[in-house]
Amino acid sequence: MATINDNYLKLKAGYLFPEISRRVRVWSEDNPDAAPRLIRCGIGDVTEPLPLAAIEALKNATDELGERETFRGYGPEQGYEWLREAIAQHEYRDRGLFIDADEIFISDGSKCDTANILDIFGDNNTIAVSDPVYPVYVDTNVMAGHTGEADESGAYEGLIYLPCTRENGFVAPLPSQKVDLIYLCFPNNPTGAVATKEQLKTWVDYALQNDAIILFDAAYSDYIRDPELPRSIYEIEGARDCAIEFRSFSKSGGFTGVRCALTVVPQSLQGTSKTGQKVAIHPLWLRRSTTKFNGVSYPIQRAAEALYSPQGRAQVAELVEHYMENARILREAAQNAGLETFGGLHAPYIWVGAPDGLSSWDVFDLMLREANVVITPGSGFGSKGEGFFRISAFNSRENAVEVARRIGNVKW
Ligand code: MLT
């Protein structure tokens, strides 16, 4: 008898985005005349073509694979040295942060890495997540058996939820009890909030005092415009001893379909074994990577490297600027419609308060019905997301302008 992983039976409904797609499909079938007008501001998926520097690198690398002299088979599981060097230089050393190329692991996505990292941690950690939260952090812990059942609000027994509210600027407060693993995401998905250095310092100090590890998701770091705001957890003293950082080319280089990301595991980071010994985390993640992964394909790593060339950097900046201008247009449209907005200043997401009396899914239905626009209901990110919705700025300019116009026409 082949038994299954029963933890999967604890998962609530579908993963948020497939669930939204399902509802949109049903609506489109029921409204065939309106369906062609539909504009998606739900999932944060990029819309603009890849930077030219990446395209050229992809083509050249593919040509290399077509010649015996330059053909390559398996690459290093951790990623090619030249890409890790480029990242260490441009993302860290140029900003005065010491991260060695050896501490960088190239992967096919931050979603995968934030999930896979659980392989190297024990099953008895107390785990803290923000509420609202990127659902992957929660669901992967459910799958790994780190939680009990979900209650009516969708909160899983055993997880510590840190409420992120208007009052705290959607920056998670420290937990009142001791936790071992903490997921932080800044700029935040879904709220678009950013943390200051002082706020991150309180987390780093907490982690150091409690022997905890911070899983810092910085997938949207390129959207930070204020140089005073930290783009990396390693800007905080002591973070090398308590944090793993996840970065991605998805939202900066438009790589959601190309797939390339990175995880930084400092050599000095340690966890604790069952027998109470301090154990370095880096060799465990290296062991996991070399066993379960064969690396990202050569052309894609070359494309990622090209994003750090002078042309690549300028093209990435232009891409980010495009989405941030969309964010401005959408944020102002929501404000002009009398809605309360958050985020969207250093992040491609605008977090919007639902008008009084409307739930997140009510707004989803209203926007679908009246504006033919897909948004993401805040409650899909956790119980504290109820009463909010998220507008993604990942779109063409034409669509962003049109969505702004339609938001103004909705009878709120
Ligand atoms: C989102 O819309 O929250 C993101 O696109 C999800 C992701 O990056 O996996």
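Everything numeric here is computed off the predicted structure, so don't read it as measured data. Within each chain, residue numbers correspond to sequence positions counted from 1 in written order. Totals for whole chains, interfaces and linings use every residue, but because this is a predicted model, local features are given only for residues with pLDDT of at least 70 and side-chain atom pairs only at 80 or more, for both listing and counting. With hydrogens and water excluded, all non-hydrogen atoms of the structure serve as input to the side-chain values.

Let us now look at the environment of F249. Think of it this way: any DSSP run of H or I at least four residues long counts as a helix, any run of E at least two long counts as a strand, and we number them from the N terminus. Along the chain, the position of F249 falls in the loop between β7 (243-248) and β8 (261-264). Separated by 16 residues in sequence, F249 and I233 place their C-alpha atoms 18 Å apart. In this view, F249 contacts I87, G254, F255, C260, A261, L262, A304, L307 and Y308; residues no more than four positions away in its chain are not counted. In this description, contact between two residues means that some pair of their heavy atoms is separated by no more than 4.5 Å.

Two strands form a pair only when DSSP identifies at least two bridges running between them. In the sheet, strand β3 (residues 127-131) pairs with strand β4 (residues 159-163) via five bridges, with the strands oriented parallel. Looking at β4, one finds that D131 is bridged to P163. A crossover gets the label right-handed when its path from the first strand over the helix to the second runs clockwise, viewed with the strands pointing away from the viewer. Remark: the β3/helix α5 (residues 135-143)/β4 crossover connection has right-handed handedness.

Looking now at the packing of helix α9 (residues 310-336) against helix α11 (residues 397-409). Throughout, an axis means a line fitted to C-alpha atoms (over the contacting stretch in the case of helices), and angles, computed between N-to-C directions, take values from 0 to 180 degrees. At a minimum axis separation of 8 Å, α9 and α11 run at an interaxial angle of 5°. Classified by the angle their axes make, α9 and α11 are roughly parallel. Only R397, A400, V401, V403, A404 and I407 of α11 make contact with α9, whose side of the interface consists of H322, E325, N326, I329, L330, A333 and A334. Side-chain classes are defined by residue name, with Ala, Val, Leu, Ile, Met, Phe, Trp, Tyr, Cys and Pro counting as nonpolar, Asp, Glu, Lys and Arg as charged, and the others, Gly among them, as polar. Class assignment of the residues belonging to the contact of α9 with α11 gives a composition of nine nonpolar, two polar and two charged. Here roughly perpendicular refers to angles of 65 to 115 degrees, roughly parallel to angles under 35, roughly antiparallel to angles over 145, and oblique to all remaining angles.

So, on to the pattern of salt bridges. Note on definitions: salt bridges are taken to be side-chain nitrogens of Lys or Arg within 4 Å of carboxyl oxygens of Asp or Glu. Under the defined criterion, the tally for this structure stands at 22 salt bridges. With a closest N to O distance of 3.5 Å, E81 and R84 form a salt bridge. Here R84 and E81 lie together in helix α3 (residues 81-92), a separation of three residues that amounts to about one turn. Residue R247 pairs with E91 through a salt bridge whose shortest N-O separation is 2.8 Å. Highlighted residues: R247 in strand β7 and E91 in helix α3, separated in sequence by 156 residues. No difference in accessibility class separates R247 from E91, as the two residues are buried. Within this structure, E19, R22 and R23 form a network of salt bridges that share partners. Any residue under 20% of the maximum accessible area for its type is buried, any over 50% is exposed, and the rest in between are partly exposed; the area is computed with a 1.4 Å probe on protein chains only.

Take the sheet that holds strand β15 (residues 388-392) next. With antiparallel pairing, four strands are arranged side by side in an open sheet as β11-β12-β15-β14. The sheet is open, and its two borders are formed by β11 (341-343) and β14 (376-377), each paired with just one other strand. Alignment of β14 against β15, held across two bridges, turns out to be antiparallel. What sits directly across from P377, in β15, is F389.

Only heavy atoms are used to decide nearness, and a residue is near a molecule or strand if one of them lies within 4 Å of it. F17, I43, G44, K111, Y134, N189, Y220, K251, Y349 and R390 make up every residue found near the ligand. Within the contact set of the ligand, an oxygen atom lies 2.6 Å away from a backbone nitrogen or oxygen of G44. Under this definition, polar contacts are N or O atom pairs within 3.5 Å; protein pairs additionally need one hydrogen-donor-capable and one acceptor-capable atom, and for neighbouring residues in sequence, both atoms have to be side-chain atoms. With respect to the ligand, the side chain of Y134 contributes an N or O atom lying 2.5 Å from an oxygen atom. Here the Shrake-Rupley method, with its probe set to 1.4 Å, supplies the accessible areas, and only the displayed protein chains count as covering residues. If the ligand stood free it would expose 270 Å²; the protein chains cover 84% of that surface. Here the residues of the shell around the ligand are counted per class, giving five nonpolar, two polar and three charged. Taken domain by domain, the shell around the ligand gets at least three of its residues from each of domain 1 (13-49 + 312-409) and domain 2 (54-308). A domain assignment, automatic or from a database, supplies the domain bounds used here.

This paragraph deals with the packing of aromatic side chains. Geometry of aromatic contacts follows a simple scheme: Phe, Tyr and Trp rings, the Trp one being its six-membered ring, pair when their centres are within 6.5 Å, and the pair is stacked under 30 degrees between planes, edge-to-face over 60, tilted otherwise. Applying the stated criterion across every chain, the model contains 23 aromatic pairs. Pairing F105 with W285 gives two aromatic rings, centres 6.4 Å apart and planes at 70°, and the pair type is edge-to-face. Of the two residues, F105 is situated in strand β2 (residues 104-107) and W285 in helix α7 (residues 282-292); the sequence distance between them amounts to 180 residues. Here F105 matches W285 in class, with each residue buried. Consider the rings of Y323 and F394, whose centres lie 4.8 Å apart with planes at 65°: the pair is edge-to-face. Of this pair, Y323 sits in helix α9 while F394 sits in the loop between β15 and α11; the two residues are 71 residues apart in sequence, bridging distant segments of the chain. Residue classification places F394 among the buried positions, given a relative accessible area of 1%.

By the secondary structure assignment, N141 is in helix α5. With near-sequence residues (within four places) excluded, N141 lies in contact with L118, I127, H146, T147, L159 and Y183.

The next subject is the sheet that holds β3. Here we have seven strands laid out as an open sheet, ordered β2-β8-β7-β6-β5-β3-β4, and mixed in their pairing. Either end of the sheet is taken by a strand with one partner, and the two such strands are β2 and β4. When the angles between neighbouring strand axes are averaged without regard to direction, this sheet yields 20°. The pairing of β3 with strand β5 (residues 181-185) spans two bridges and is parallel.

Let's shift gears to unusual backbone geometry. Backbone torsion omega between D131 and P132 reads 5°, so that peptide bond is classified as cis. Note on placement: P132 falls in the loop between β3 and α5. Positive phi outside glycine occurs at F170, with the angle close to 65°. Structurally, F170 is set in the loop between β4 and β5. Taking the relative accessible area as the measure of exposure, F170 reaches 4% and is therefore buried. One non-glycine residue, N372, adopts positive backbone phi at about 55°. Tracing the backbone through its elements, the reader meets N372 in the loop between α10 (360-371) and β13 (373-374).

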